[in-house]
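Close look at the chain arrangement
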Amino acid sequence: MGRTNGTIINQSIAAVGILFNLASLILYFAGLVKVRFLFEGDRIYEYGMMLDRDYPRLVGLMQDPNFFVFYNTIFFAYYLSNTKSTINKLGLALCIITNLLTFSRGGLLVMIILLAVYIVLNNPIKNIKLIVGIALSLVTTFIVLVNMNFNLYELLSSRVEASSEDGGSGRLVLWGRAWDYFTSNMYTGIGAFNFSDYNTFDYGDSLTVHNTFLDILAESGLLGIFFYMMFIAIVFAQLIRQKVHRTNSYLFLTFLGFVLQMGFLSVIINDIFFLYLAILSNHLNNHVILQKSKVHPESMSPLRGGVYDERFITDR
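Within the protein chain, the regular secondary structure consists of 13 helices and 3 strands. The burial tally for the protein chain puts 46% of its 316 residues in the buried class. Restricting the contact set of the protein chain to residue pairs at least 6 apart, pairs at least 24 apart contribute 65%. By element, 65% of the accessible surface of the protein chain is carried by carbon and sulfur atoms, the whole surface being about 16,300 Å².

Time to look at the nonpolar core. Ile13, Phe76, Tyr79, Leu92, Leu239, Tyr250 and Tyr276 are the most contacted members of the largest nonpolar core, which totals 70 residues. If one sorts the elements of this core by residue count, helix H2 (residues 65-81) sits on top with 10 residues. Leaving out residues up to four positions away in the same chain, Tyr79 has contacts with Ile13, Ala14, Gly17, Ile18, Asn88, Gly91, Leu92 and Cys95.

On to H2. In this model H2 runs 24 Å from its N-terminal to its C-terminal C-alpha over 17 residues, within 8% of the 24 Å that 1.5 Å per residue would give. For H2, the principal kink sits at Asn72 and spans about 45°. The element H2 is extensively covered by neighbouring structure, given that 16 of its 17 residues are classed as buried. You can read the cap of H2 off the contacts: a side-chain oxygen lies 2.8 Å from the backbone nitrogen of Asn66, and it is on Asp64.

Between the first and last C-alpha of helix H1 (residues 6-34) there are 42 Å, a value that for 29 residues agrees with the 42 Å anticipated at 1.5 Å per step. Backbone geometry just downstream of H1 places Arg36 in the positive-phi region, at approximately 60°.

Right, let's get into the packing of aromatic side chains. Taken as a whole, this structure holds 19 aromatic pairs when the rule is applied. Taking 5.0 Å as the distance between ring centres and 15° as the angle between the ring planes, the aromatic pair formed by Phe20 and Phe68 counts as stacked. Of the two residues, Phe20 sits in helix H1 while Phe68 sits in helix H2, which places them 48 residues apart along the sequence. Taken as a pair, Phe20 and Phe68 share a single burial class, namely buried. Geometrically, the ring pair formed by Phe255 and Tyr276 is stacked, given 6.2 Å between the ring centres and 20° between the ring planes. On the criterion of sequence distance, the pair formed by Phe255 in helix H11 (residues 249-261) and Tyr276 in helix H12 (residues 271-295) is long-range, its members being 21 residues apart. Judged by relative accessible area, Phe255 falls into the buried class, the value being 2%.

This part takes up the pairing of strand S2 (residues 49-52). Side chains of S2 alternate between two faces, with Met49 and Leu51 and Met50 and Asp52 buried alike. In terms of strand pairing, strand S1 (residues 44-46) meets S2 through 3 bridges, oriented antiparallel. Bridge pairing in S2 links Glu46 to Met49. Once S1 ends, the chain turns through 2 residues before running back antiparallel as S2, passing Tyr47 with a positive phi of about 55°. Pairing analysis gives 4 bridges linking S2 to strand S3 (residues 55-58), with the strands arranged antiparallel. Across the sheet, Met49 pairs through a bridge with Leu58, a residue of S3. The hairpin turn running from S2 into S3, its antiparallel successor, is 2 residues long, and Arg53 in that turn takes a positive phi close to 55°.

Here the focus is the packing of H1 against H2. Packing of H1 against H2 brings their axes to within 10 Å, and their N-to-C directions diverge by 130°. Relative to H2, H1 is oriented oblique. Once H1 is placed against H2, the crossing between them reads as left-handed. On H2, the residues that touch Asn10, Ile13, Ala14, Val16, Gly17, Ile18, Phe20, Asn21 and Ser24 of H1 are Phe68, Tyr71, Asn72, Ile74, Phe75, Tyr78 and Tyr79. Each residue belonging to the contact of H1 with H2 can be placed in one class, and the counts come to 11 nonpolar, 5 polar and no charged.

One way to put it is that H1 packs onto helix H3 (residues 86-101) with a least axis distance of 9 Å and a crossing angle of 40°. Classified by the angle their axes make, H1 and H3 are oblique. The two elements H1 and H3 meet at a crossing, and its hand is left-handed. Between H1 and H3, the residues in contact are Ala14, Ile18, Asn21, Leu22, Leu25 and Tyr28 and Ile87, Asn88, Leu90, Gly91, Leu94, Cys95, Ile97, Thr98 and Leu101, respectively. Classifying every residue of the contact of H1 with H3 by side-chain character gives 11 nonpolar, 4 polar and no charged.

Rules used in this analysis
- Residues numbered from 1 in each chain as written.
- Predicted model: local features only at pLDDT ≥ 70, side-chain atom pairs only at ≥ 80, totals over all residues.
- Heavy atoms only, no water.
- Helix = DSSP H or I, 4+ residues; strand = E, 2+ residues; numbered from the N terminus.
- Buried < 20%, exposed > 50% of the residue type's maximum accessible area, 1.4 Å probe, protein only.
- Contact = heavy atoms within 4.5 Å.
- Areas by Shrake-Rupley, 256 points an atom, 1.4 Å probe, with all protein chains shown as cover.
- Core = buried A, V, L, I, M, F, W, Y, C linked by side-chain atoms within 4.5 Å.
- Expected span 1.5 Å × (residues − 1).
- Bend = angle between axes of the 7 residues up to and from the residue.
- Polar contact = N/O pair within 3.5 Å; in protein donor to acceptor, adjacent residues only side chain to side chain.
- Phe/Tyr/Trp six-rings, centres within 6.5 Å; stacked < 30°, edge-to-face > 60°.
- Pairing = 2+ DSSP bridges.
- Axes fitted to C-alpha atoms, helices over the stretch in contact; angles between N-to-C directions.
- Parallel < 35°, antiparallel > 145°, perpendicular 65-115°, else oblique.
- Left-handed = near helix turned anticlockwise from the far one by under 90°.
- Nonpolar A, V, L, I, M, F, W, Y, C, P; charged D, E, K, R; others polar.

Here it is, written out as structure tokens:
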């Protein structure tokens, strides 16, 4: 990965994102047809759809709607940061639609935050066209779904209103339990991956904390959270130091999205996060090589007339 051409990585993300979202959307509607658009039930899975307390939530190729948004973050951030091509505009539209259909309150909030951060980092005036395009795609989606007797607006409104009643699907209760376990074992915690077992023994359910930071705090104590927060801080410092928010903004947005969603999910070990770190490492490595090439002009490719050629630097 450290010697991979950045262009190849970007092309792969663009293509895989389309396939991931399109396949998930097809499976979701297959699930809706299977239940005949009757949304009654809890924890009922049909193809790419899960009925969760009467909400038809998209899970697509995943097993959980919240994790779907987490995995989709890198695709959403990439398409948002690269909207010049038609394929990326299609990808962005698919990401928005699939994320909305997960009815993940935390995921939707993070998506809005990433959009706002992107607009702030880039000239807001230049992004009017992007905002209008997103608004039109949302309106079109709502109209199509309403004609299918699928009132997305009503479902989303009901989902948001329920936040004050269900405590974030019981997350507040779980966070309280995690804090209690932490206070009883402040320095080293109750042991890695032990929260679920403790929770089952004490309260009769095997749910996770649904908060990565509280999860680490409960299971590894102050010692574990110190090193984990140090790791997060180092990665963030590298992003700022290398000005990734300007050179490859999707990597900055993806990291921000991941960290924010860690407040709603337990993702201490996650393959998409490790993949992101590999992609980021490749970008930073290529950036360092570029900086060295400016110091040593002879390292530049003669085929480009003295201009930096990433293929020459990374593949030699």
